[in-house]
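Spelled out, the chains give:
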Amino acid sequence: MDTGNRGFSESGLRRLRDVLARHVESRRIPGLVALVSRGGQTHVEALGTMRHDGGPAMGRDTIFRLASTSKPVTMAATMVLLDECRLRLDDLVEQWLPELADRQVLTRIDAPLDDTVPARRPITVRDLLTSTFGLGMDMTALGTPIMGAVFEQAIFPQKMTEYPEPDEWMRRLGQLPLMHQPGERWQYHISHDVLGVLVARITGQSFETFLRERILDPLDMKDTGFHVPARDIDRLPPSYAPDAQTGKFILWDEAAGGQYSQPLTFQSGGSGLVTTVDDYHTYFRMLLNGGTHGTERILSRPAVTLMTTNRLTPEQQAARDAMARNNVHVSFGQGQHGGWGIGMAVRTYRGDYAPVGQFGWDGGTGTSAYADPENQLTGILLTQVGMSVPDPARAIHDFWTTVYQAIGD
């Protein structure tokens, strides 16, 4: 722990450790790694083991699957293109993504797939960046024909290895009608995967290559990417999706020979990254610094402001509020923050201990990462227990409750 320029109280950090240790001692979470930083102080806790039945201890350099906590990082690639004027907010995306031209829109969310009307206007880059292009993961509409097609066509597969290659994925996406008119409603996830394809087509590079050249390598995020090299596979714990009824540990993904042990066909901007607490800390510290890392500028200050400020109108916001408020059996209460920037939540009201302006996101594999400009604070909690049970979400809630109590002034 760095001791200069104290940012947390000693008693607060002890409470943080004790609360996290209780979750591990409950045996519902095998292990976790947490990082909190403020000012010149960074504090890390690595607790428990990498497997639910024991095995090696968690370490500061343990690599975790981020799931949706990928979104705040991957969206930086699109912001680079905006900074360089290779892309504009109100450009029509169909010039690079012809699969999204001439859209049809369902007459209602539960309509048959052929019960449509023409889109009132084309889809823009802004629509993709704000997750309002008309198609997304609507967990309140499970069982409808459109959500059935999203799963059947592997638009949102259960495993990273089940995605088709990007051009085929776009072809399948282009065969589906939109759920809502472009720009009408916020909808989760799918737009982030579309943006990964968009970046690749504009740059002529794979999404991972461009993200690595322009974001990951300049930040020295050497443990972040879309797969784990063989030399580091022993630092990746298995990932569990416990049985929702019994809590019994069910293996979702093993490390060696698993989903992340080889390069992926589809590099998912919505859910595909792995990382460590220190790598993610470096990324959020760059955002808190207005886009700079040391003497190097990664993103312009206006780009960072755009990403970390609420982008939604009240009409677009309604769907996000409804998902958080009425669908807690899926999210276990996560997501009740207020607004949405680019790739991340932005708190627009004080609903718990965190202040307005905090930004970041959580992941279905049991991960959470947020930065707080008001307090110049970053917090990251990484586990390997999926949100099929409430245990990781409870750990995340308790982590943030104790982080804010630990502020030393």
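Since the model is a prediction, treat every value here as computed from it, not as a measurement.

## Some remarks on the pattern of salt bridges
And then number 1: A full pass over the atoms with the stated rule returns 25 salt bridges.
And then number 2: A salt bridge links Arg65 to Asp253; the nearest nitrogen and oxygen atoms lie 2.8 Å apart. Residue Arg65 is found in strand β4 (residues 64-65), and its partner Asp253 is found in strand β8 (residues 251-253); the two are separated by 188 residues along the sequence. Exposure class is identical for Arg65 and Asp253. Each is buried.
And then number 3: Linking Glu208 and Arg212 is a salt bridge whose minimum nitrogen-to-oxygen distance equals 3.9 Å.

## Details of the confidence of the model for the protein
And then number 1: Mean pLDDT over the protein: 94, with 96% of residues reaching 70 or higher.
And then number 2: The model gives residues 1-5 a pLDDT under 50, and that stretch makes 14 contacts with residues more than four places away or in other chains.

## As for the sheet that holds strand β1 (residues 31-38)
And then number 1: Reading across the sheet, the eight strands line up as β3-β2-β1-β16-β15-β14-β13-β12 and stay open at both edges, with antiparallel pairing between neighbours. Across the chains shown, the open sheet's two edge strands, defined by having one partner strand only, are β3 (54-57) and β12 (338-340). The mean angle between the axes of side-by-side strands here comes to 20°, regardless of whether they run parallel or antiparallel.
And then number 2: Seen against the sheet, helix α13 (residues 391-405) touches β1, β14 (359-363), β15 (367-372) and β16 (377-383) and runs at an angle of roughly 155° to β16.

## So, helix α1 (residues 10-25)
And then number 1: With 16 residues, α1 extends 22 Å from end C-alpha to end C-alpha; this agrees with the ideal 22 Å at 1.5 Å per step.
And then number 2: Buried residues of α1: Gly12, Leu13, Leu16, Val19, Leu20, Ala21, His23 and Val24, and no others.
And then number 3: Elements in contact with the buried residues of α1: β1, β2 (41-51), β16 and α13.
And then number 4: At the C-terminal side of α1, Arg27 shows a positive phi close to 70°.

## Some remarks on the packing of aromatic side chains
And then number 1: Enumeration over the complete set of coordinates arrives at 17 aromatic pairs.
And then number 2: Every member of this aromatic cluster is reached through a ring pair, and the members are Trp186, Tyr188, Trp340 and Trp361.

## As for the side chain of His192
And then number 1: The topology assignment puts His192 in helix α7 (residues 190-203).
And then number 2: The class of His192 is buried, set by a relative accessible area of 0%.
And then number 3: Dropping the residues within four chain positions of it, His192 is found in contact with Lys71, Met75, Ser131, Gly269, Gly270, Trp340 and Gly343.

## A look at the environment of Asp53
And then number 1: Along the chain, Asp53 turns up in the loop between β2 and β3.
And then number 2: Spatially, the C-alpha atoms of Asp53 and Pro30 are 7.8 Å apart, while their sequence positions differ by 23 residues.

## Overview of α13
Three- or four-residue spacings in an α-helix give side chains the same orientation, since the helix completes a turn every 3.6 residues.
And then number 1: With 15 residues, α13 extends 21 Å from end C-alpha to end C-alpha; this agrees with the ideal 21 Å at 1.5 Å per step.
And then number 2: Among the residues of α13, those classed as buried are Asp391, Pro392, Ala393, Ala395, Ile396, Phe399, Trp400, Thr402, Val403 and Tyr404.

## Focus: the packing of helix α3 (residues 76-83) against α7
And then number 1: α7 packs onto α3 with a crossing angle of 45° between their chain directions and a minimal axis gap of 9 Å. When the interaxial angle is binned, α3 and α7 end up oblique. As for the relative orientation of α3 and α7, their crossing is left-handed in sense. Residues Ala77, Thr78 and Leu81 of α3 lie in contact with α7, whose contacting residues are Leu195, Val199, Ile202 and Thr203.
And then number 2: Of the residues that constitute the contact of α3 with α7, the class distribution is five nonpolar, two polar and no charged.

## Let's talk about the pairing of β1
And then number 1: Most of β1 sits inside the fold, with eight of its eight residues counted as buried.
And then number 2: The two faces of β1 match: Gly31, Val33, Leu35 and Ser37 on one face and Leu32, Ala34, Val36 and Arg38 on the other face are all buried.
And then number 3: With eight bridges connecting them, β1 and β2 associate as antiparallel partners. Looking at β2, one finds that Val36 is bridged to His43.
And then number 4: Between β1 and β2, which follow one another and run antiparallel, lie two residues, and Gly39 among them has a positive phi close to 60°.
And then number 5: Taken together, the seven bridges between β1 and β16 define a ladder with antiparallel strand orientation. Paired with Leu35 across the two strands is Ile380, which belongs to β16.

How each quantity is defined
- Residues numbered from 1 in each chain as written.
- Predicted model: local features only at pLDDT ≥ 70, side-chain atom pairs only at ≥ 80, totals over all residues.
- Heavy atoms only, no water.
- Salt bridge = Lys/Arg side-chain N within 4 Å of Asp/Glu carboxyl O.
- Helix = DSSP H or I, 4+ residues; strand = E, 2+ residues; numbered from the N terminus.
- Buried < 20%, exposed > 50% of the residue type's maximum accessible area, 1.4 Å probe, protein only.
- pLDDT = per-residue confidence, 0-100.
- Contact = heavy atoms within 4.5 Å.
- Pairing = 2+ DSSP bridges.
- Axes fitted to C-alpha atoms, helices over the stretch in contact; angles between N-to-C directions.
- Expected span 1.5 Å × (residues − 1).
- Phe/Tyr/Trp six-rings, centres within 6.5 Å; stacked < 30°, edge-to-face > 60°.
- Parallel < 35°, antiparallel > 145°, perpendicular 65-115°, else oblique.
- Left-handed = near helix turned anticlockwise from the far one by under 90°.
- Nonpolar A, V, L, I, M, F, W, Y, C, P; charged D, E, K, R; others polar.

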